[in-house]
2 protein chains.
Amino acid sequence: MSDGRTDPAEPASDAPPPADPRPATDTDAVTTEHSHRLDPEVVDAVETAIDDARLETVEKIVATLHTADLADLLTQLHPDDRHTVVAVIRPSLRIDGEVLTYLDADVRDDMLGLLDADEIAGALKELDTDDALGLITDLDADKRQAILSNLPVAARRLLQEGLSFPEYSAGRLMQREFVALPMFWTVGKAIDFLRQTDDLPDDFYQLFLVDPTFRPVVGLSLSRFLRSKRSVRLADLIAEEEDLRTIPATLDQEEVALIFRRYGLVSAPVVDEAGRLIGVITFDDVVEVIDEEAEDDLLKMGGVQEDDLGSAVWTTTRSRFPWLAVNLLTAIVASLVISIFDATIEQVVALAVLMPIVASMGGNAGTQALTVTVRGLATKEITGRRARKAVFKESAVGVLNGLAFAAIGSLVAAAWFQDVLIGGVIGLAMIVTLVVAGLSGTLIPLALDRMKVDPAVASSVFLTTVTDVVGFMSFLGLATWILL
Amino acid sequence: MSDGRTDPAEPASDAPPPADPRPATDTDAVTTEHSHRLDPEVVDAVETAIDDARLETVEKIVATLHTADLADLLTQLHPDDRHTVVAVIRPSLRIDGEVLTYLDADVRDDMLGLLDADEIAGALKELDTDDALGLITDLDADKRQAILSNLPVAARRLLQEGLSFPEYSAGRLMQREFVALPMFWTVGKAIDFLRQTDDLPDDFYQLFLVDPTFRPVVGLSLSRFLRSKRSVRLADLIAEEEDLRTIPATLDQEEVALIFRRYGLVSAPVVDEAGRLIGVITFDDVVEVIDEEAEDDLLKMGGVQEDDLGSAVWTTTRSRFPWLAVNLLTAIVASLVISIFDATIEQVVALAVLMPIVASMGGNAGTQALTVTVRGLATKEITGRRARKAVFKESAVGVLNGLAFAAIGSLVAAAWFQDVLIGGVIGLAMIVTLVVAGLSGTLIPLALDRMKVDPAVASSVFLTTVTDVVGFMSFLGLATWILL
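Residues numbered from 1 in each chain as written. Chains lettered and ligands numbered in written order. Predicted model: local features only at pLDDT ≥ 70, side-chain atom pairs only at ≥ 80, totals over all residues. Heavy atoms only, no water.

Visitor: What is the right way to look at the overall build of chain A in this model?
Guide: In terms of helices and strands, chain A carries 22 helices and six strands. Along the first, second and third principal axes, the C-alpha atoms of chain A reach 95 × 65 × 60 Å. Counting across all 484 residues of chain A, residues that qualify as buried make up 57%. Long-range contacts, defined here as pairs at least 24 residues apart, represent 67% of the contacts in chain A between residues at least 6 apart. Of the roughly 19700 Å² that chain A leaves accessible, carbon and sulfur atoms contribute 55%. With 40 positive and 75 negative side-chain charges, chain A shows a separation of 9 Å between the mean positions of the two kinds. (Helix = DSSP H or I, 4+ residues; strand = E, 2+ residues; numbered from the N terminus. Buried < 20%, exposed > 50% of the residue type's maximum accessible area, 1.4 Å probe, protein only. Contact = heavy atoms within 4.5 Å. Areas by Shrake-Rupley, 256 points an atom, 1.4 Å probe, with all protein chains shown as cover. Lys, Arg positive; Asp, Glu negative; His and termini not counted. Charge placed at Lys NZ, Arg CZ, Asp CG, Glu CD.)

Visitor: What's the story with the nonpolar core in this structure? I'm lost.
Guide: The tendency in soluble globular proteins is for nonpolar side chains to be buried side by side. Within the largest apolar cluster, 78 residues are counted, with the highest numbers of intra-cluster contacts made by M355(A), F475(A), L476(A), M355(B), F475(B) and L476(B). Excluding residues that lie within four positions of it along the chain, F475(B) makes contacts with L351(B), L354(B), M355(B), V358(B), V425(B), I426(B) and A429(B). Core analysis: the second largest hydrophobic core is formed by 50 residues, L251(A), L251(B), I281(B) and V287(B) among them. (Core = buried A, V, L, I, M, F, W, Y, C linked by side-chain atoms within 4.5 Å.)

Visitor: Which parts of the structure should I look at to understand empty space enclosed by the protein?
Guide: The method is simple in principle: a probe with the dimensions of a water molecule rolls over the atoms, and the space it marks as empty is what remains. For the structure on display, the rule yields 11 cavities of 30 Å³ or more. Volume-wise, the largest cavity comes out at about 1200 Å³. Together, 48 residues line the largest cavity, and G363(A), N364(A), T367(A), N364(B) and T367(B) are the ones closest to its centre. The biggest single contributor to the lining of the largest cavity is helix α19 (residues 350–378) of chain B, with nine residues. Of the residues assigned to the lining of the largest cavity, the class counts are 23 nonpolar, 23 polar and two charged. (1 Å grid on protein atoms, 1.4 Å probe; cavity = no way out; pocket = protein on both sides within 12 Å on 5 of 7 lines; lining within 4 Å. Points joined across faces, edges and corners; volume = space filled by probe spheres on them. Nonpolar A, V, L, I, M, F, W, Y, C, P; charged D, E, K, R; others polar.)

Visitor: Which parts of the structure should I look at to understand the packing of aromatic side chains?
Guide: To describe a pair of aromatic rings, you give the distance between the ring centres and the angle between the ring planes. Going through the model one piece at a time under the given rule, you end up with 10 aromatic pairs over all chains. Pairing Y205(A) with Y205(B) gives two aromatic rings, centres 6.4 Å apart and planes at 85 degrees, and the pair type is edge-to-face. With one member in each of two chains, Y205(A) in the loop between α13 (187–196) and β2 (206–210) and Y205(B) in the loop between α13 (187–196) and β2 (206–210) form a pair that bridges those chains. Exposure class is identical for Y205(A) and Y205(B). Each is buried. Taken together, a centroid distance of 5.7 Å and an interplanar angle of 65 degrees make the contact between Y205(B) and F283(B) edge-to-face. Linking Y205(B) in the loop between α13 and β2 with F283(B) in helix α16 (residues 283–301), this pair joins segments that are 78 residues apart in sequence. Feature note: the residues Y205(A), F283(A), Y205(B) and F283(B) constitute an aromatic cluster, connected by ring pairs. The ring of Y263(A) has R245(A) lying over it, and the distance from NZ or CZ to the ring centre is 3.6 Å. (Phe/Tyr/Trp six-rings, centres within 6.5 Å; stacked < 30°, edge-to-face > 60°. Lys NZ or Arg CZ within 6 Å of the ring centre and 35° of its normal.)

Visitor: What is the right way to read the pattern of salt bridges from this model?
Guide: One side chain can pair with another of opposite charge once the charged atoms of both are near each other. In this structure the tally under the stated criterion is 38 salt bridges over all chains. We note a salt bridge from R320(A) to D308(A), for which the minimum N-O separation is 2.9 Å. On the criterion of sequence distance, the pair formed by R320(A) in helix α17 (residues 313–340) and D308(A) in the loop between α16 (283–301) and α17 is long-range, its members being 12 residues apart. Using a relative accessible area of 2% as the deciding quantity, one classes R320(A) as buried. In this structure D308(A) comes out as buried when scored by relative accessible area, which is 0%. The partner of R320(B) in a salt bridge is E394(A), and the shortest N-O contact between them spans 2.8 Å. Residue R320(B) is located in helix α17 (residues 313–340), and its partner E394(A) is located in helix α20 (residues 384–417); the two belong to separate chains. (Salt bridge = Lys/Arg side-chain N within 4 Å of Asp/Glu carboxyl O.)

Visitor: Would you explain the pairing of β2(B) in this entry?
Guide: When a strand is regular, its side chains alternate between the sheet's two faces. All names here are of chain B. Within β2, five of the five residues are buried, which leaves it mostly tucked inside the rest of the structure. The side-chain alternation of β2 yields two buried faces, one formed by Q206, F208 and V210 and the other by L207 and L209. One ladder, built from five bridges, connects β2 with strand β3 (residues 216–221); its direction is antiparallel. For F208, the partnering residue across the bridge sits in β3 and is G219. In textbook terms, the turn of a hairpin is the stretch between consecutive antiparallel strands, and for β2 and β3 this stretch comprises five residues, one of which, F214, has a positive phi near 65 degrees. (Pairing = 2+ DSSP bridges.)

Visitor: How do you make sense of the interface of chain A and chain B when you look at a structure like this?
Guide: Buried accessible area, meaning the area lost when the parts come together, often serves as the stated size of an interface. Between chain A and chain B, the contact holds 187 residues from the first and 187 residues from the second. Buried area between chain A and chain B, summed over both chains or domains, comes out near 16700 Å², and the portion from carbon and sulfur atoms is 63%. Taken together, chain A and chain B are joined by 10 salt bridges. Here D72(A) and R262(B) are joined by a salt bridge, their closest N and O atoms 3.0 Å apart. For the pair chain A and chain B, the number of links is 32 residue pairs in polar contact (both at pLDDT 80 or more). Broken down by class, the residue content of the side of chain A that touches chain B amounts to 94 nonpolar, 37 polar and 56 charged. (Buried area = accessible area lost by both parts, 1.4 Å probe. Polar contact = N/O pair within 3.5 Å; in protein donor to acceptor, adjacent residues only side chain to side chain.)

Visitor: Would you mind going over the sheet that holds strand β6 (residues 277–282) of chain A with me for this structure?
Guide: Picture the strands of a sheet paired through backbone hydrogen bonds; they go either parallel or antiparallel. Residues and elements named next belong to chain A. Ordered in space as β4-β5-β6, the three strands form an open sheet in which the pairing is mixed. At either end of the open sheet lies a strand with only one pairing partner, and these are β4 (247–248) and β6. As judged from the five bridges shared by strand β5 (residues 267–271) and β6, these two strands associate in the antiparallel manner. In the strand pairing of β6, V271 is matched with L277.

Visitor: How should I be thinking about unusual backbone geometry in this particular structure?
Guide: Glycine aside, a negative phi is what most residues show, and trans is what most peptide bonds show. Positive phi, normally seen in glycine, also occurs at K452(A), with a value near 65 degrees. If you trace the backbone, K452(A) turns up in the loop between α21 (420–450) and α22 (455–483).

Visitor: Would you mind showing me how to read the relation of the copies chain A and chain B here?
Guide: Both copies of the chain are related by one operation, a rotation about an axis with a shift along it. Structural alignment of chain A on chain B gives an RMSD of 0.1 Å, achieved by rotating through 180 degrees and translating 0.0 Å along the axis. On this basis, the relationship between the two copies can be described by a two-fold rotation axis. Comparing contact sets, 100% of the residues at the interface of chain A also lie at the interface in chain B, consistent with an isologous, same-surface contact. (Least-squares fit on C-alpha atoms with pLDDT ≥ 70 in both.)

Visitor: Hey, could you run me through helix α3 (residues 55–63) of chain A in this one?
Guide: Side chains of residues three or four places apart in an α-helix project in the same direction, reflecting 3.6 residues per turn. Residue and element names in this part refer to chain A. Buried within α3 we find V58, I61 and V62. Down the axis of α3, the buried set is contained in an arc of 95 degrees. They therefore lie on one face. Facing away from the buried side of α3 by over 90 degrees, the exposed positions are K60 and A63. Packing partners of the buried residues in α3 comprise α2 (40–51), α4 (67–76) and α5 (79–93). (Arc of directions from axis to C-beta.)

Visitor: Can you walk me through the domain arrangement of chain A in this structure?
Guide: Residues and elements named next belong to chain A. Domain boundaries in chain A define domain 1 (26–168), domain 2 (180–301) and domain 3 (313–483). Each of domain 2 and domain 3 has a C-alpha centre, and these two points are 49 Å apart. Counting residues at the interface gives five residues for domain 2 and nine residues for domain 3. Surface buried jointly by domain 2 and domain 3 totals about 680 Å² across both partners, of which 63% is contributed by carbon and sulfur atoms. The tally of links between domain 2 and domain 3 comes to two salt bridges. (Domains from an automatic or database assignment.)

Visitor: Would you mind showing me how to read the environment of R388(B) here?
Guide: Looking at the secondary structure, you find R388(B) in helix α20 (residues 384–417). Remark: the alpha-carbon pair of R388(B) and T442(B), spanning 54 residues in sequence, is separated by 9.7 Å.

Visitor: Would you explain a nonpolar patch on the surface in this entry?
Guide: Taken together, the side chains of W314(A), V399(B), L400(B) and L403(B) define a hydrophobic patch exposed on the protein surface, amounting to about 370 Å² of accessible area. In terms of residue count, α20(B) provides more of the nonpolar patch than any other element does, three residues in total. Of note, L403(B) is situated in helix α20. Take L403(B): its relative accessible area is 46%, and that puts it in the partly exposed class. (Patch = residues over 30% accessible without salt bridge, like charges linked within 9 Å, V, L, I, M, F, W, Y side chains within 5 Å.)

If you want it as structure tokens, here you go:
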């Protein structure tokens, strides 16, 4: 830790002493500001302007908005109003299509549907390759072809090369714009080059030093580069840098994200199979991947295929249906199990009252184990040895909590129905079910993962089936045996 | 999009033509490499060395490891072996405690428990303020005080100032090490200063230009700075930069993350209440926040308080217990509802067989709506107007899927029990339950959010109660009315 900031001596004498950073109040209050979001009044103003048929007002308002705010506006407007705004901004999109990169899939596809191929091509021209690729990936092949044919040859080639990489791979995330310098140059020559050349990426964080075969040797951080004197050879700065982590273009994007997280990278070079430098991935692309993968896991664990917050009623209904249908089958299987014991239930109706308790406790305990395991698989924390440990641990936890809730459950049931045996039945069933729940909650995702199936999606269906069947069968079965 | 890479003309003539980046094969195969993870053989080698009582071998192996790999090793070892390795690396920790920053909370706390206050103080000295703060935050007050008193005055002051900020605020995330330059300097003077001064942060991505009162005016990206000629005044570069997003030190870390995501920031200045520059937050801290918040939501939705993958059996059991206890209460409430209709069940045992179907479908449909809503709240996509739209939409989806599953359910039930009326009962109950499920799944998290309660934690308990009660009551109530 250093003494705070680095600032040259001169301004210090002019400036007041370093600010005491302690907040003025003693509260532990954390503030939540909303100043970085689109003002709802802007949305109202635009809607009013459209109602009043004053398009020039709409144009004026839109011109004042930051791109991210414009994207918010388009997202929040009713589709009809959105189409009006698109009509207003159409000419400017040809020149700067950046707003398209800020939009969620729904709104973006809606807008792309409105624009012509040549307009979209114009919008793409100014974007980085990875952003442009992201826009055209989900379009149908005809429209995509039309857009590509409207692009200049060089841009078209870049996009076609990008499309040749597998979806969700590094090749789709990377920008083709980067700075590569020969190792034998000096810092001074490099600086002169950077000042003279026009064709630099808008933002870059590293300079890649390449050998004569264009293989990247090291990534020089700009902060280190800046500190070096002109006479120093770039090659001599290598020793201070860490080993370069090169990303193969076919590497899965989740792996890319894990590498960035692990080593705290700001950017990393992407190489082809021959190891030559073809692009760079920057941290913001990785942040987006992390965000999307996290959202994906959360939604899937909840039985939702995609973030349908912005989708229409019918689309959402159809999207939700399959999961519910599968769960209906699960529920019917559980009902079949119950029906095996219908004679028992007819005689002891208390069983019908109590039986959902065991099954639902099993479901909850199993879900706990499942959630931790799925998370562990996503972060690659559960490897071979840790998987075995996890299974044993969850069984042990299942036994312990099973005993605890067996005790509580038996007392409640016995007191409620004035019958110690019923208490005993529910107690035993609880232990069996919670142990099985813990085991299944861990084994099912591990097994699915080994079979290369996404555990987040399918696990809970299998788990619910197991916990329901075991829950009902153990409770009703023991009841049949003990009470009758 | 530009024509690919920026590289000077010279090496192009020496180097082969730009690589054709298209992968050699035609497959869409995405590769998943494991080369960036700790080799399991290393763990085995260390364990063997410990068993053979060869500590110098352990030392040799450890010396070859990257810090992230060392952290992995410590995490994967059995606690006894871990303690042995800690004993080996203790002396080096005094000099470089970086490995501590890579560890999960469990392992880290275990290690901090082993080390003395002066050893930890030594480890902290070399770290950035935000990393050091993260290490000592969760320690008990006595140990923390002991560590602080072992630090040099300046470092101690920095940490105490950091601790004065609310937990989970920008003030805790920021580094106090940054580069601030006066606006009237030229690029040339700035470069000379950067080359001469020793006291620079290890990595930085922006130069902050400050006015005489030390308020940040603009953040100059290094890439832009590098491109400018020596004679240019820093103040003249301002026009090309975007408006500076300053982060108040008390701002909640989730808000910070949203700002970084929204504007694609690599770093941002942190200011005190007077607007003066006191620190900087970099993207890697934000990535960690995003990751943690996402993990948090996922775990909470699954009824788990924290990632207890690495915790001991007893700790995990205790951590899982409260959620299960609350759900037991929910299940008992549902059982109470069933018991109201015990006479009906005694007469028509088919009801006991079918009743879990309606309740579980309600739970599943409600969870779908809940998951989307919780996600929407986390990303701040559900604001005032969109919340209303969401509620209406989920009700509509509930009606539509309710009708679909009512149809399917009635057919199954009627066929199974050869009774059209039972089919009708389950159909009506299904519609009612799915509509209520959709409504509750949306309204409950919105209400909790408005009351400043974390919706991810509490929502599912309320939801399950509602769907169970409504599910059982509608089914059994309608059955009582229609069949008897």
